[in-house]
Amino acid sequence: MADSTGTPRPVGEADLLVEHARAFRGRFGAGARPRLYFSPGRVNLMGAHLDYNGGPVMPTAIDRGTFLALAPRSDGRIALASTLDSALVEVDLAHLPSERAGRWADYPLGVLREVLSLARARGARGSGLDVLFGGNLPVGAGLSSSASMCVGTAFALDSVWGLDLARLDLVNAALRAERGFVGVQCGIMDPYAVGLAREGALLWLDCKDGSSEYLPFDHARLSIAVADTLVRRELAQGAFNERVAQCRAAFEALRIHQPEATCLRDVRYETLAEHQAGLDPTIARRAHHVIREVARTFSARDALRRGDAGGFGVEMTRAHDSMRELFDVSVPELDRLVESAVGTPGVHGARLTGAGFGGCAVILLEKGAEAELTRRLHADFSATFGRAPVVEVYGGDAGPREIQA
Ligand code: ADP
Ligand code: MG
């Protein structure tokens, strides 16, 4: 992990988790000796709103994430707590709730249901647990705290219950929990980016068939900065589900003209151009974004393979323009960050990351340019909005693991 000036500082993961264990004892009793787990967040560099359209995406895990502390209890109950909330949610393993309650505990409860059913299918059983969640990842900022939490929960349950499930089964359990029990129409990117993370690599994930490869990312030469607007939209989940529905509508209208297409990603630009007059104008703009973003993402991969960071960055910035003009998921705060980032020497490109509607911009830059970038982002953003963004440079991460603190 590095600070906003780009100076590397130790992750201190074990120290942070020792603190988390202390917080656990504060909640559940001084004698408890919990097992500790870390699960990273992710930042997506290319492929905006493509995962649920069957397109390719290019995320990487970051060295910030969710901390989990778990200790067994003998009464078959599961108690869930978070450092972000004073409430304690307690359920009986034999009678897990079948409906969401519209609170944060829905995420781990959804995962609990999924992992328990995988366990039962193998003739295994779960057992009671006290669990405390915490972490150092901004929540609701587009860095996927939800997938970090869900995949981390699946991983930790598998570990404490000794199930030995395959990593992909845990990732898919996390995905089903968020899609089903929690009710977000998300694609496969977030749990895959967290669960399949490899240090020093971007994940190339083809969301049509789930195939993936690792693309080497040169952390010695390039940095990934993330600037948080601190804007959080209460209605973002509804707006996200609306984009999913609009893309679905675009696909349904266009597949008539291209019957072999199985998702919007498959629709050719020529098909869209020829038939867009028959589409609702908003639906047509959504389709334009998706179909062009697919081409940009392939082109960014080619650039990365040639070692052309400038070429990669150009595609990032074009992606942002498209999200602002065609997909309507940017906000003035994000536009300001992107504008001042791309005007900074050493910056290759910038765009909003995650779903948008607030949250963070991701910036690709040459190593050494971090201090000037941070200075400019602070100055320009403050001049317009009267407050500073939070700018950080993140390192990569190797995915969920148990930590011996
Ligand atoms: P993102 O995944 O981009 O951070 P989401 O809206 O998908 O944003 O997920 C954020 C939600 O995940 C939070 O509102 C909360 O319900 C849940 N969450 C994530 N991390 C934690 C945590 N440490 N404690 C409690 N809830 C958490
Ligand atoms: Mg999320």
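Here goes a summary of the coordinates provided.

The rules behind these values
- Residues numbered from 1 in each chain as written.
- Chains lettered and ligands numbered in written order.
- Predicted model: local features only at pLDDT ≥ 70, side-chain atom pairs only at ≥ 80, totals over all residues.
- Heavy atoms only, no water.
- Near = heavy atom within 4 Å.
- Polar contact = N/O pair within 3.5 Å; in protein donor to acceptor, adjacent residues only side chain to side chain.
- Areas by Shrake-Rupley, 256 points an atom, 1.4 Å probe, with all protein chains shown as cover.
- Helix = DSSP H or I, 4+ residues; strand = E, 2+ residues; numbered from the N terminus.
- Nonpolar A, V, L, I, M, F, W, Y, C, P; charged D, E, K, R; others polar.
- Contact = heavy atoms within 4.5 Å.
- Buried < 20%, exposed > 50% of the residue type's maximum accessible area, 1.4 Å probe, protein only.
- Phe/Tyr/Trp six-rings, centres within 6.5 Å; stacked < 30°, edge-to-face > 60°.
- Axes fitted to C-alpha atoms, helices over the stretch in contact; angles between N-to-C directions.
- Parallel < 35°, antiparallel > 145°, perpendicular 65-115°, else oblique.
- Left-handed = near helix turned anticlockwise from the far one by under 90°.

Lining the immediate surroundings of ligand 1 are 14 residues, of which Ser82, Gly140, Gly142, Ser145 and Ser146 lie closest. The separation between an oxygen atom of ligand 1 and a polar main-chain atom of Gly140 is 2.8 Å. Contact with the protein chains hides 78% of the accessible area of ligand 1, taken as 560 Å² for the molecule alone. Considering each element in turn, the shell around ligand 1 owes the most residues, three residues, to helix α3 (residues 145-160). Split into classes, the residues belonging to the shell around ligand 1 amount to seven nonpolar, seven polar and no charged.

With that settled, consider the environment of Val91. Structurally, the position occupied by Val91 is in strand β5 (residues 85-92). For the pair formed by Val91 and Thr297, sequence separation is 206 residues and the distance between their alpha carbons is 44 Å. For Val91, the residues in contact, after removing those within four places along its chain, are Arg77, Ile78, Leu96, Pro97, Leu109 and Leu112.

One non-glycine residue, Asp164, lies in the positive phi region at around 60°. Along the chain, Asp164 falls in the loop between α3 and α4 (167-182). According to the relative accessible area criterion, Asp164 is exposed, its value standing at 65%. In this model, Asp328 sits at a positive phi of 55°, which is unusual for a non-glycine residue.

Looking now at the packing of aromatic side chains. Here the structure, examined in full by the defined rule, presents seven aromatic pairs. Measuring from ring centre to ring centre gives 4.8 Å for Phe24 and Phe28, while their planes differ by 45°; the resulting arrangement is tilted. Placement of both Phe24 and Phe28 in helix α1 (residues 13-28) is noted, with a separation of four residues, approximately one turn of the helix. Accessibility expressed as a relative area gives 0% for Phe24, which makes it buried. Between Trp204 and Phe298 the ring centres are 5.2 Å apart and the planes differ by 65°, which places this aromatic pair in the edge-to-face class. A residue pair is termed long-range when its members are at least 10 positions apart, and Trp204 in strand β7 (residues 201-206) and Phe298 in helix α8 (residues 281-305) qualify at 94 residues. Taking the relative accessible area as the measure of exposure, Trp204 reaches 5% and is therefore buried. On the accessibility criterion, Phe298 (29% relative accessible area) is partly exposed.

The next subject is the packing of helix α10 (residues 332-342) against helix α11 (residues 370-385). The interhelical angle for the contact between α10 and α11, taken along N-to-C directions, is 140°, at an axis separation of 9 Å. In terms of orientation, α10 and α11 fall into the oblique class. Relative to α11, the crossing made by α10 is right-handed. Of the residues in α11, those touching α10 at Pro332, Glu333, Arg336, Leu337, Ser340 and Ala341 are Leu373, Arg376, Leu377, Asp380, Phe381, Thr384 and Phe385. Per-class residue counts for the contact of α10 with α11 are seven nonpolar, two polar and four charged.

On their own, these measurements won't tell you what the molecule is for.
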